[in-house]
Amino acid sequence: MHFRPLHDRVLVRRIDAEERTAGGIIIPDTAKEKPQEGEVIAAGPGGRNEQGQLVPLDVKVGDRVLFGKWSGTEVKIDGKELLIMKESDLLGVVEKAAATKKAA
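Quick caveat, the model's predicted, so the values are computed rather than measured. (Residues numbered from 1 in each chain as written. Predicted model: local features only at pLDDT ≥ 70, side-chain atom pairs only at ≥ 80, totals over all residues. Heavy atoms only, no water.)

**Student:** So what about the pairing of strand β6 (residues 73-77)? Which residues, and what values?
**Tutor:** For β6 and strand β7 (residues 80-86), the ladder comprises 5 bridges, and the chain directions are antiparallel. From the neighbouring strand, I77 faces β7, where its bridge partner is K80. Between the antiparallel neighbours β6 and β7 lie 2 residues, among them D78 with a positive phi of about 55°. (Pairing = 2+ DSSP bridges. Helix = DSSP H or I, 4+ residues; strand = E, 2+ residues; numbered from the N terminus.)

Here it is in structure tokens:
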């Protein structure tokens, strides 16, 4: 199945959190919080402004993003648990360290 989000919505796959603490303690599933980081799987074309012009999204497929704990709507597509959310629900894009070092 292929899913295409509409307007300013994005489809996000959660990135699993670490199963161990820095000290090496294994965290059981019941104590884990849902990760607040994910990867954009699909993105809509963008929203419309007051003049009716299409405003493209700031995120693209493949971006790693941070979002709020209760953001989005959970859906199951092809047996995978994904989130659909508006671009405004995203808190930011996580950039790779190599790209950040180059810019500095």
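**Student:** Kindly report on the environment of K80, identifying the contributing residues and their values.
**Tutor:** Among the secondary structure elements, K80 is positioned in strand β7. For K80, a relative accessible area of 52% gives the class exposed. Spatially, the C-alpha atom of K80 lies 8.4 Å from that of R13, the residues being 67 residues apart in sequence. (Buried < 20%, exposed > 50% of the residue type's maximum accessible area, 1.4 Å probe, protein only.)

**Student:** Tell me about the sheet that holds strand β8 (residues 90-94), residues and numbers included.
**Tutor:** Read across the sheet, 6 strands follow the order β6-β7-β1-β2-β5-β8 without closing on themselves; strand pairing throughout is antiparallel. Each edge of the sheet is formed by a strand with only one pairing partner; in this case those strands are β6 and β8. Within this sheet the neighbouring strands show an average axis-to-axis angle of 45°, counted without direction. (Axes fitted to C-alpha atoms, helices over the stretch in contact; angles between N-to-C directions.)

**Student:** How would you explain unusual backbone geometry if you had to name every residue and give the values?
**Tutor:** The phi angle at H7 is positive, at roughly 55°, despite the residue not being glycine. Topologically, H7 is positioned in the segment before β1 (9-14). Its identity is not glycine, yet D78 carries a phi of approximately 55°, on the positive side. Within the secondary structure, D78 sits in the loop between β6 and β7.

**Student:** Describe in detail the pattern of salt bridges, supporting the description with residues and values.
**Tutor:** Here the idea is simple: oppositely charged side chains can pair when their charged atoms come close. For the structure on display, the rule yields 5 salt bridges. R13 serves as the salt-bridge partner of E39, at 2.3 Å between the closest nitrogen and oxygen. With a gap of 26 residues between them, E39 in strand β2 (residues 37-43) and R13 in strand β1 connect regions that are remote in the sequence. Here E74 makes a salt bridge to R14, at a shortest N to O gap of 3.5 Å. Of the two residues, E74 is situated in strand β6 and R14 in strand β1; the sequence distance between them amounts to 60 residues. (Salt bridge = Lys/Arg side-chain N within 4 Å of Asp/Glu carboxyl O.)

**Student:** So, the nonpolar core: which residues are in play, and what are the values?
**Tutor:** Counting 10 residues, the largest nonpolar core consists of V10, V12, V40, L57, V59, V65, F67, L83, M85 and L90. Secondary structure elements with two or more residues in this core: β1, β5 (64-67) and β7. Look past the residues within four positions of M85 in its chain and what remains in contact with it is D8, R9, V10, V12, F67, S71, G72 and L90. Counting residues in each nonpolar core, the second largest holds 5 residues, with A42, I77, L82 and I84 among its members. (Core = buried A, V, L, I, M, F, W, Y, C linked by side-chain atoms within 4.5 Å. Contact = heavy atoms within 4.5 Å.)

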